[in-house]
Amino acid sequence: QVQLVESGGDLVQPGGSLRLSCVASGSISSIYTMGWYRQTPGYQRELVARIGNYGNTNYADPVKGRFTISRDNAKNTVYLEMNSLKPEDTAIYYCNADIRTTLPMTFANYWGQGTQVTVSS
């Protein structure tokens with residue numbers, strides 16, 4: 001069984017910063033692409049940023065230049081550094097990862113439970 005647990009969501013003023021973390025745990029053999037998605041009520045979940053296991057990254061246009069995704073493979077952790085936050089960044093942020101497990105031997109995509117980010121004065 002694999003779990004992704006996010007943390008770091010909070011209420012922050014416009015222009016502020018937050019750092020989200022997501023730790024993967026369980027019978028993990030390898031973690032491939034890890035990413036962050038976000039969702040607001042009434043809208044589809046959308047990609048924010050993702051990072052491959054070799055460190056290659058891509059970002060959604062609205063967050064380019066403001067957000068930075070990184071990972072620590074030794075800790076099975078992915079981070080999202082968010083700067084210059086805007087009210088339109090308000091959403092639930094979800095961690096996502098492609099993981100190969102050992103017992104049972106499977107390859108699947110996993111989601112975390114989400115963490116709320118609210119940008120408001």
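Our subject is the structure listed above.
Structure report, in brief. Everything quoted here is computed from the prediction, not taken from an experiment.

With antiparallel pairing, the four strands of this open sheet are ordered in space as 1-3-8-7. The sheet terminates laterally at strand 1 (2–7) and strand 7 (67–72), the two strands that pair on one side only. Looking at each pair of strands side by side, their axes are set apart by 15 degrees on average, direction ignored. Pairing analysis gives six bridges linking strand 3 (residues 18–26) to strand 8 (residues 77–82), with the strands arranged antiparallel. The partner of Leu18 across the bridge, within strand 8, is Met82.

Core analysis: the largest hydrophobic core is formed by 30 residues, its most contacted members being Trp36, Leu80, Met82, Tyr93 and Ile99. The greatest single-element share of this core, amounting to five residues, is contributed by strand 9 (residues 91–101). Residue contacts for Ile99: discarding those within four places in its chain leaves Val2, Leu4, Ala24, Ile28, Ser30, Ile31, Thr106, Phe107, Ala108 and Tyr110.

Next up on the list: the environment of Ile31. Position of Ile31 among the secondary structure elements: in strand 4 (residues 28–39). When the C-alpha positions of Ile31 and Pro62 are compared, they lie 27 Å apart, and in sequence the two are 31 residues distant. If near-sequence neighbours (up to four positions away) are discounted, Ile31 is found in contact with Ala24, Asn53, Arg71, Asn76, Ala97, Asp98 and Ile99.

With that out of the way, let us pick up the side chain of Thr115. Take Thr115: it is sitting in strand 11 (residues 115–119). A polar atom in the side chain of Thr115 sits 3.1 Å from the backbone nitrogen of Gly9. If we ignore the near neighbours within four places in the chain, the residues touching Thr115 are Glu6, Ser7, Gly8, Gly9, Leu20, Ala91, Ile92 and Tyr93.

Cut-offs used in this document
Residues numbered from 1 in each chain as written. Predicted model: local features only at pLDDT ≥ 70, side-chain atom pairs only at ≥ 80, totals over all residues. Heavy atoms only, no water. Pairing = 2+ DSSP bridges. Helix = DSSP H or I, 4+ residues; strand = E, 2+ residues; numbered from the N terminus. Axes fitted to C-alpha atoms, helices over the stretch in contact; angles between N-to-C directions. Core = buried A, V, L, I, M, F, W, Y, C linked by side-chain atoms within 4.5 Å. Buried < 20%, exposed > 50% of the residue type's maximum accessible area, 1.4 Å probe, protein only. Contact = heavy atoms within 4.5 Å. Polar contact = N/O pair within 3.5 Å; in protein donor to acceptor, adjacent residues only side chain to side chain.

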